[in-house]
Amino acid sequence: MIVRMAIQNLRFKRFRSFITILGIVIGIGSIFMLVSFGIGLQQLVQGEIVGNESINTVDITPANSKLLKLTSDNLDQVRSIAHVTDVSGVFIGASKVTIDGAAADLVAYGIDSLYMKLSNITIAHGDGIDATASDQIVVNTSFLESAGIGDTEKALNKEVELTLTNATGKTNVTKQRIVGVVDSGAGSEVFVAAEVFKQAGIDTFTQAKAVVDERENISDVRRSIESLGYATASPVDTLDQVNEVFRFFNIVLISLGSIGMVIAVLGMLNTLTVSLLERTKEIALMIAIGARPKDMRRLFTVEAVILSLLGGAIGIAVAMALGFIIDAILNQYASGRGIEDGFSLFAHPPLLIIGALLFMVVVGVIVSFVPAQRAAKINPIEALRQE
Amino acid sequence: MTSGKPLIEVRNMTKSFKLPGGDEIEVLHNVDFEILDGSFTIIYGPSGSGKSTLLNAIIGLDEPTSGTVTYEGKDLYAMSQNDRAHFRAFTMGMVQQTNNWVKSLNVLENVALPLHFMGVNHDSALAQAKNSLQRIGIEMHAKKFPSVLSGGEQQRAAMARALVNNPAYIVADEPTGNLDSKNSDNLINLLRYLNTEFGRTIVLVTHNLEYLSIGDKLLLIEDGNVTEIKGKDIRATTTHMLTDMRKRIEGWAKV
């Protein structure tokens, strides 16, 4: 009955209810849009950091490469640590690559298939290398530019010579076929199978990656690896720093959005207070004919919750729609400039939507507190006596 | 027609109000009477004599400064505010001089209100409200809003609301105050009908001398004192008061 009466009251003063709801739509819609922008941007940045790479990885480098090397045996030792599911080593060395008679000095990476998967090496053209083949090479666009090759498609299947030098100074030259091109790296880089480095007599890895089963085990695994004398790093470090920045960023966004919300709440409080003043005699009558003071308190609380929930739901829907529209426009614009990968600046996790709706229920209850208490305390005799 | 059983008992009741300056004024002094089940009691007094104060005390809206008000032996003011509201919903029907309505509800929904406060479900409450309107003869106005009804129609709708919960007693606080004589008589006749035919206990507050003799008991309030007059003494008192009034009118006329 209370809910029915509350709805009737709100419908009776349609325009006032509409204006109040509009204020709430703008208030909660602003906050929701800003928060979903913050979350979307955070997810976008996290994605760039982690990419296809699992964040449950630990990067390993020798703390003192003169004393401790990363050999296959050492990697086996790391592999035996609890919660480590796999380990992959990479060779990184200075090399020379000769293409079309021109030579360039650059960094070469000797990798295996696990390292390729973990390291977010995204092939822009062609294919990745077959880690079992020792005659395939992937180059980056910086290398092609330095070699004067503008058309990356023409670079595919070209033959190059790769010269590696081992610790003793002996060089090893191998012929490689370009099978793929990547966009990554500021300077010239090439990627070959680890086997190519081994053939050149280089058997000490420069770095390794250990894969950990669960994120919460990363700290323990790092401690174990460091106790073996290695230095460790993890994408989780960067991610934590990024999350810290975004925590502050989101607080700033919420604070800005709260300005609109405060205005909406004040509007709702004004509406309820005016409604109470207008309906003093009605409430007094109802108390006189048998309504309990708590019924009158509930009436105002229900009215406030209906206003805030309705305004909240519409505000969230409008914010989500605007987010989708902005994303669509930006993606269209980016696609026109050659960026084919779609992206989303606005994220709408279900928990955010449910949380926002619950927040609005709480806001309704809080805002209605004072008017509801005043309604419950109306003295029917005095109120009905007033002319 | 009364069963003789006391329904409402007021014992040694006084009521005082604090004035803004801090002084206290005693409006009702040592009021002591009972209202029997099935009786028709009239409370009469000049304006400001304390009629409404007495009425509010006996319906559980205004706690006395001292003394007791009981309903079927239960002290009204020993109950909590919520329990007294509950008591009003189940036991009492009320008609006032200016009836207030919940503006957002139509006549039918307004008449059904006491039933909602009793916990009756919505559809049953509306059905009973419709019956109540039919008994009063204004069911054609069910879907209208009370503000569009005439004064007389509003009072009849208020009667329907007062009857909808089948109350033990009905209080009418100057119900004819804003009505013309025809509508006033109709309303009073309705109250008499409910009392004589259905045995409803009626408590009528009025300052209309002409209605004083219709009750079983007359409570005269003057300067905060309540005098109980029953039976044949009512007619004698009424005649005396009418004579006094005629003399006063003639006295003014000479001037």
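Reading the values: the criteria
Residues numbered from 1 in each chain as written. Chains lettered and ligands numbered in written order. Predicted model: local features only at pLDDT ≥ 70, side-chain atom pairs only at ≥ 80, totals over all residues. Contact = placed C-beta atoms within 7 Å. Helix = DSSP H or I, 4+ residues; strand = E, 2+ residues; numbered from the N terminus. Nonpolar A, V, L, I, M, F, W, Y, C, P; charged D, E, K, R; others polar. Axes fitted to C-alpha atoms, helices over the stretch in contact; angles between N-to-C directions. Parallel < 35°, antiparallel > 145°, perpendicular 65-115°, else oblique. Left-handed = near helix turned anticlockwise from the far one by under 90°. Buried ≥ 20, exposed ≤ 12 C-beta atoms within 10 Å, placed from the backbone. Core = buried A, V, L, I, M, F, W, Y, C linked by C-beta atoms within 7 Å. Pairing = 2+ DSSP bridges.

1. Topic: the interface of chain A and chain B
Contacts between chain A and chain B engage 21 residues on the former and 21 residues on the latter. Contributing elements (two or more residues each) for the side of chain A that touches chain B: helix H1 (2-12), helix H10 (280-288), helix H11 (293-336) and helix H14 (380-385) of chain A. When residues in the side of chain A that touches chain B are grouped by element, the largest group, six residues, is from H10 of chain A. Residue composition of the side of chain A that touches chain B, by class: twelve nonpolar, three polar and six charged.

2. Quick notes on the packing of H11 of chain A against helix H12 (residues 350-367) of chain A
Two measures define how a pair of helices packs: the angle their axes make with one another and the distance between the axes. All names here are of chain A. The interhelical angle for the contact between H11 and H12, taken along N-to-C directions, is 150 degrees, at an axis separation of 8 Å. Classified by the angle their axes make, H11 and H12 are roughly antiparallel. Every pair of crossing elements has a handedness; the one defined by H11 and H12 is right-handed. Contacts between H11 and H12 involve Thr-301, Ala-304, Val-305, Leu-307, Ser-308, Leu-309, Gly-312, Ala-313 and Ile-316 from the former and Ile-353, Ala-356, Leu-357, Met-360, Val-361, Val-363, Gly-364, Val-365 and Val-367 from the latter. When the residues that make up the contact of H11 with H12 are grouped by side-chain class, the tally is 14 nonpolar, four polar and no charged.

3. Details of the environment of Ile-170 of chain B
Residue and element names in this part refer to chain B. Among the secondary structure elements, Ile-170 is positioned in strand S7 (residues 169-173). Among the residues examined, Ile-170 registers 21 C-beta atoms within 10 Å and is labelled buried. Expressed as a C-alpha distance, the spacing of Ile-170 and Met-79, which sit 91 residues apart in the sequence, is 21 Å. Not counting residues up to four positions away in its chain, the partners in contact with Ile-170 are Gly-93, Ala-162, Leu-194, Arg-200 and Ile-202.

4. Digging into the nonpolar core
Among the nonpolar cores identified, the biggest contains 111 residues, and Ile-28 and Ile-287 of chain A together with Ile-43, Val-111, Ala-160 and Val-171 of chain B are the most heavily contacted of them. Beyond its immediate stretch of four places on either side in the chain, Ile-43 of chain B contacts Lys-51, Leu-54, Leu-55, Val-203, Val-205, Leu-219 and Ile-221 of chain B. Among the nonpolar cores identified, the runner-up in size contains 51 residues, and Tyr-115, Phe-191, Phe-205 and Ile-225 of chain A belong to it.

5. A word on the sheet that holds strand S6 (residues 92-96) of chain B
All names here are of chain B. Strand order in the open sheet made by the six strands is S6-S7-S8-S3-S9-S10, with mixed pairing throughout. Looking at strand neighbours, the two that pair on one side only are S6 and strand S10 (225-230), the edges of this open sheet. In this sheet, neighbouring strand axes are inclined to one another by 15 degrees on average, regardless of whether the strands run parallel or antiparallel. This element, helix H5 (residues 151-163), spans S6 and S7 of the sheet and lies at about 165 degrees to S6. Docked against the sheet, helix H6 (residues 181-198) engages strand S3 (40-44), S7 and strand S8 (201-206), running at close to 155 degrees with respect to S8.

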